[in-house]
Amino acid sequence: MDEIFEKLQSVVDRYDELNELISDPEVIADTKRFMKLSKEEGSLRDVVAAYNKYKDVTSQLDDNKEMLEEKLDSEMESMVKDEISSLETEKADLEEKIKIMLLPKDPNDDKNIIMEIHGAAGGDEGSLFAADLYNMYTRYAESQGWKTQVIDESDTEVGGFKEIAIMITGDKVYSKLKFENGAHRVQRVPATESAGRIHTSTATVGVMPEAEDVDIDIDPKDIKTDVYRASGAGGQHVNKTSSAVRMTHLPTGIVVAMQDERSQQQNRMKAMQVLKSRVYDYYQQKEESEYNAERKSAVGSGDRSERIRTYNYPQNRVTDHRIGLTLNKLDKVMNGELDTIIDALIVSDQAKKLEQLKNE
């Protein structure tokens, strides 16, 4: 633990420094800086509390061991030994907890996300499965106390989605949903199948951290904006006004089209929100090789073409292929009970990162 103690002391020093800085009137007056430093202070709070607890437990342990060297009656000696045993277990648990807390953090873990779900292989059945995934994630978000907002959707005649984009906001959304990136496969008998044959279809899920102004600054000159008349449902209003907006980020070629809202201004705001997140995600994946490698070594590359999970309806079974986890409770998972899968993915990621640290 010697190396860890050195790290911990530097964390405590930084935490103390941050507390001084966020009390400084000059820093408080600079809103962006104050928010950035407050966020950093919040991210260190738990590890500092765990370290203080660890020091407290270690001190108690030393005191009890000293007591054992004195002449004690048998009853007192037995009590002290029991307490030493209990404190040693607590100390070991705290050591493991602190090691995990000191693992390199994904800079996006505290962020909200934009999630895009696309019906892929399987035609109508793929679009229906995309709708099922949307319902699954919104129910999970509700159980976490998060808020969801549909940003864009393109539905199908059978009641599914060609694609749907949603904003999910709340506490540490990205940290829990980042592993959902990839291809999700479903095996079931479609409602349209008269012979009762099982079909295999897929939907892809993309998870992007919401880009904040401090993360990325897009030059307005790099954006080409087109306005046009929205198509689809909406009556005369849609047909008469050019409320739909298409934004193209020229350096990357990323295009965002938005026609959900009644006014052009609302569509512009939503399109810019999605465009920022897509551009941020693009540059991060392209340029931050360490981050990319970290994700590949953890639980998959995050590539949407990579099949990450299979949902087998006839056997009420869901399997996450990255960690070899199989659960026979697909009905509950589709109802938003994703904690078992998400917790297992996080633990697997942490275990692999700890292993990497040992080998460095």
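An account of the accompanying structure is given in this report. Just so you know, these numbers come straight off a predicted model, no measurement behind them.

### A short note on the overall build of the protein
Point 1. The secondary structure content of the protein amounts to eleven helices and eleven strands.
Point 2. Evaluated residue by residue, the protein yields a buried proportion of 41% over its 360 residues.
Point 3. Pairs at least 24 residues apart make up 61% of the contacts formed inside the protein by residues separated by at least 6 positions.
Point 4. Accessible surface, the protein: about 19700 Å² in total, of which carbon and sulfur atoms supply 47%.

### Notes on the environment of Phe 179
Point 1. Residue placement: Phe 179 occurs in the loop between α6 (173–177) and β4 (182–188).
Point 2. Under the relative-accessibility criterion, Phe 179 is labelled buried at 9%.
Point 3. A C-alpha to C-alpha distance of 10.0 Å links Phe 179 and Ile 341, two positions 162 residues apart in sequence.

### Details of the nonpolar core
Point 1. The biggest cluster of nonpolar side chains holds 35 residues, and the ones touching the most others in it are Met 115, Ile 117, Leu 133, Tyr 137, Leu 177 and Tyr 311.
Point 2. If you list the elements that add at least two residues to this core, you get β1 (113–119), α5 (124–143), β3 (161–169), α6, β5 (199–209), α10 (330–334) and α11 (339–359).
Point 3. Per-element tally for this core: the top contributor is α5, with nine residues.
Point 4. With near-sequence residues (within four places) excluded, Leu 177 lies in contact with Ile 113, Met 115, Tyr 137, Tyr 140, Trp 146, Ile 168, Val 207 and Ile 342.
Point 5. Leu 8, Leu 21, Val 47 and Ile 98 belong to the second-largest nonpolar core, a separate cluster that totals 23 residues.

### Focus: the packing of aromatic side chains
Point 1. By the definition in use, this model includes three aromatic pairs.
Point 2. Their ring planes at 80 degrees and their centres at 5.7 Å tell us that Tyr 134 and Phe 161 sit as a pair that is edge-to-face. On the criterion of sequence distance, the pair formed by Tyr 134 in helix α5 and Phe 161 in strand β3 is long-range, its members being 27 residues apart.
Point 3. Summarising the aromatic geometry, the rings of Tyr 140 and Trp 146 are spaced 5.6 Å apart at their centres and angled 85 degrees between planes, so their arrangement reads as edge-to-face. Neither residue differs from the other here; Tyr 140 and Trp 146 are each classed as buried.

### Things to note about helix α3 (residues 31–68)
Point 1. Compared with an ideal rise of 1.5 Å per residue, which puts 38 residues at 56 Å, α3 spans 55 Å between its outermost C-alpha atoms and is within 8% of the ideal.
Point 2. Regarding α3, the residues found buried are Leu 37, Glu 41, Leu 44, Val 47, Val 48, Ala 50, Tyr 51, Tyr 54, Val 57, Thr 58, Leu 61 and Asn 64.

### Observations regarding the pattern of salt bridges
Point 1. Summed over the entire model, instances satisfying the criterion amount to 14 salt bridges.
Point 2. The salt bridge involving Asp 109 is made with Lys 178; its shortest N-O contact spans 2.8 Å. With Asp 109 in the loop between α4 (74–101) and β1 and Lys 178 in the loop between α6 and β4, this pair connects stretches of sequence that are 69 residues apart. When sorted by exposure, Asp 109 lands in the same class as Lys 178, which is buried.

The rules behind these values
Residues numbered from 1 in each chain as written. Predicted model: local features only at pLDDT ≥ 70, side-chain atom pairs only at ≥ 80, totals over all residues. Heavy atoms only, no water. Helix = DSSP H or I, 4+ residues; strand = E, 2+ residues; numbered from the N terminus. Buried < 20%, exposed > 50% of the residue type's maximum accessible area, 1.4 Å probe, protein only. Contact = heavy atoms within 4.5 Å. Areas by Shrake-Rupley, 256 points an atom, 1.4 Å probe, with all protein chains shown as cover. Core = buried A, V, L, I, M, F, W, Y, C linked by side-chain atoms within 4.5 Å. Phe/Tyr/Trp six-rings, centres within 6.5 Å; stacked < 30°, edge-to-face > 60°. Expected span 1.5 Å × (residues − 1). Salt bridge = Lys/Arg side-chain N within 4 Å of Asp/Glu carboxyl O.

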